Amino acid sequence: MKDIKSILQNADSILIGAGAGLSTSAGFTYSGHRFQKYFVDFEKKYGFHDMYSGGFYPYKTLEENWAYWSRYIIINRYMNAPIPVYEKLFELVKDKNYFVLTTNVDHCFQKAGFEKSRLFYTQGDYGLWQCSQPCHKKTYDNQLFVEKMVREQGFVIQSDGGLELPENGFKGIKMSVPSELVPRCKVCGKPMTMNLRCDDTFVEDDGWQAAASRYEDFLNKNKDGHIVFLELGVGGNTPGIIKYPFWKMTYANPKAKYICINKEEAVVPGEIEKQGICVNNDIYEVLTSL
């Protein structure tokens, strides 16, 4: 912990690479109690046991599809994380020259105070819709529509964004939304879908392009200096976005440092072992120690 703190304090710049493990540490789990609390009716009907599986399930109607997804979006995008991991991270880097590259799509960085201009969400955002075609490269904020869908199912949205069941529990919950709430593209009339990179229809809109340019500018200005590549919770699902580039850039710059914090998945290649520190522990515990 002393070595990591010293490295971060003396760094000219910090590039944060954040994966799903960071949000898991913040309490955004996609199975177990949290899944059953909001999706026990879908679990009972269809037999899947986690949110990811439910997100890919081929529902027979768009009304049922959006009943599922509206709940999913509310609790993973607009509800606050129960553990202040992102807030701890922000306190650690807020006065430094930092930038964030993340595959997470839950908006936790901005809610914790990180500047939007220092963020690049490469894989999309739960808070955005796009045309499923897509007929044009534009995305749309979905919060007001999603909240209405959730209320129509019978849920209660609290003032702090929390989602609660009615007094009679799931007996008062519907598993579909009214047909008029199903989102459709204003241009071509096709159904809307999530702005998430899961196939070649993912829309990289003007905001995405601008963030990509800011990330490239940050690298051009800082990659050859005393930069720290701080990798948090990045697994093996999409290593080509964060992990492998971080290794490669560390190897190319003798002044660079690579720090990997990831419970049970913290590794460093032998070629950059002398420049790296690995911590196999919960990210929240590590950030609290720092």
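See the structure shown above.
Residues numbered from 1 in each chain as written. Predicted model: local features only at pLDDT ≥ 70, side-chain atom pairs only at ≥ 80, totals over all residues. Heavy atoms only, no water.

A few points about the sheet that holds strand β1 (residues 13-18)
This is how the line gets drawn: Note: two strands are recorded as paired if DSSP finds a minimum of 2 bridges between them. Numbering of helices and strands starts at the N terminus; helices are DSSP runs of H or I of at least 4 residues and strands are runs of E of at least 2. Angular values range over 0 to 180 degrees, each being the angle between N-to-C directions of two axes fitted as lines to C-alpha atoms, with helices fitted over their stretch in contact. By the convention used here, residues are in contact when the closest approach between their heavy atoms is within 4.5 Å.
Spatially, the six strands line up as an open sheet ordered β3-β2-β1-β9-β10-β11, and their pairing is parallel. Where the open sheet ends on each side, the last strands, each with one partner, are β3 (119-121) and β11 (276-279). On average, each strand axis in the sheet is tilted by 15° relative to the strand beside it, whichever way the strands run. Against the sheet, helix α6 (residues 85-93) touches β1, β2 (98-102) and β9 (227-232), its axis set at about 165° to β1. Sheet contacts for helix α10 (residues 243-252): β1, β2, β9 and β10 (257-261); angle to β9, the most-contacted strand, approximately 155°.

So, the sheet that holds strand β8 (residues 192-196)
Taken together, the three strands give an open sheet; going across it, the order is β5-β4-β8, and neighbouring strands pair in antiparallel fashion. Each of the sheet's edge strands pairs with one partner strand only, and the pair in question is β5 (140-141) and β8. In the packing of helix α5 (residues 62-78) onto the sheet, the strands contacted are β4 (124-131) and β8, and the crossing angle to β4 comes to about 145°.

A look at the side chain of Thr-102
Its location among the elements puts Thr-102 in strand β2. Setting aside chain neighbours within four positions, we find Thr-102 in contact with Ala-18, Phe-109, Phe-120, Tyr-121, Thr-122, Gln-123 and Ile-242.

Some remarks on the environment of Lys-255
Condition: Remark: exposure states derive from per-residue accessible area (1.4 Å probe, protein chains only) relative to the maximum for the residue type, with buried under 20%, exposed over 50%, and partly exposed in between. Polar contacts, as used here, are pairs of N or O atoms within 3.5 Å; protein pairs need one atom able to donate a hydrogen and one able to accept it. Residues neighboring in sequence count only if both atoms are side-chain atoms.
Structurally, the position occupied by Lys-255 is in the loop between α10 and β10. A relative accessible area of 43% means that Lys-255 is categorised as partly exposed. A polar contact is formed between the side chain of Lys-255 and the backbone oxygen of Asp-224, at a distance of 3.2 Å.

A closer look at the packing of α5 against helix α8 (residues 143-153)
Just so we agree on the cut-off: When an angle is under 35 degrees it counts as roughly parallel; over 145 it counts as roughly antiparallel; between 65 and 115 it counts as roughly perpendicular; any other value is oblique. Two helices cross in a left-handed way if the nearer one is turned anticlockwise from the farther one by less than a right angle. They cross in a right-handed way if the turn is clockwise. Ten residues, namely Ala, Val, Leu, Ile, Met, Phe, Trp, Tyr, Cys and Pro, are considered nonpolar, four, namely Asp, Glu, Lys and Arg, are considered charged, and the remaining ones, Gly among them, are considered polar.
Relative to each other, α5 and α8 sit at 120°, their axes nearing to 9 Å. Here α5 lies oblique to α8, going by the angle between them. Of the two elements, α5 crosses α8, and the hand of that crossing is left-handed. When α5 is examined against α8, the residues Trp-66, Ala-67, Ser-70, Arg-71, Ile-73, Ile-74 and Tyr-78 are found in contact with a partner set consisting of Gln-143, Val-146, Glu-147, Met-149, Val-150 and Gln-153. Residue classes in the contact of α5 with α8 are distributed as eight nonpolar, three polar and two charged.

A closer look at the packing of aromatic side chains
Quick reminder of the rule: Stacked, tilted and edge-to-face are the three classes assigned to paired rings of Phe, Tyr and Trp, where Trp is represented by its six-membered ring and a pair needs centres within 6.5 Å; plane angles under 30 degrees give stacked, over 60 edge-to-face, the rest tilted.
Following the criterion strictly, the structure yields 31 aromatic pairs and no others. For the pair Tyr-46 and Tyr-57, a centre-to-centre distance of 4.4 Å together with 45° between the ring planes defines the contact as tilted. Separated by 11 residues along the polypeptide, Tyr-46 in helix α3 (residues 33-46) and Tyr-57 in the loop between α4 (51-56) and α5 bring together distant segments of the chain. Overall, Tyr-46 belongs to the partly exposed group, its relative accessible area being 21%.

Looking at helix α9 (residues 206-222)
Filter applied, for reference: Each residue after the first adds 1.5 Å to the expected span of a helix. Note: the arc covers the axis-to-C-beta directions of the helix.
An ideal rise of 1.5 Å per residue puts 24 Å on 17 residues; α9 measures up with 24 Å between its terminal C-alpha atoms. Those residues of α9 that sit buried are Trp-208, Ala-211, Ala-212, Tyr-215, Phe-218, Leu-219 and Asn-222. Projection of α9 onto a plane perpendicular to its axis shows the buried side chains occupying an angular sector of 120°, all on one side. Opposite the buried face of α9, at more than 90 degrees from it, the exposed residues are Asp-206 and Lys-221. Tucked into the core, α9 has its buried residues touching β1, β2, β3, β9 and α10. Its side-chain oxygen at 3.2 Å from the backbone nitrogen of Gly-207, Asp-205 defines the N-terminal cap of α9.

Some thoughts on the pattern of salt bridges
Oppositely charged side chains are able to pair whenever their charged atoms sit close together. Just so we agree on the cut-off: When a carboxyl oxygen of Asp or Glu is within 4 Å of a side-chain nitrogen of Lys or Arg, the pair counts as a salt bridge.
Summed over the entire model, instances satisfying the criterion amount to seven salt bridges. Taking the shortest distance from any N to any O, the salt bridge between Asp-41 and Arg-71 comes out at 2.9 Å. Placement of the pair is Asp-41 in helix α3 and Arg-71 in helix α5, with a sequence separation of 30 residues. Take Asp-41: its relative accessible area is 12%, and that puts it in the buried class.

Here we look at the environment of Gly-27
The topology assignment puts Gly-27 in the loop between α2 (20-25) and α3. Counting along the chain gives 259 residues from Gly-27 to Val-286, while the straight-line C-alpha distance between them is 15 Å. The contacts of Gly-27, once residues within four sequence positions are left out, are Arg-34, Pro-82 and Ile-83.

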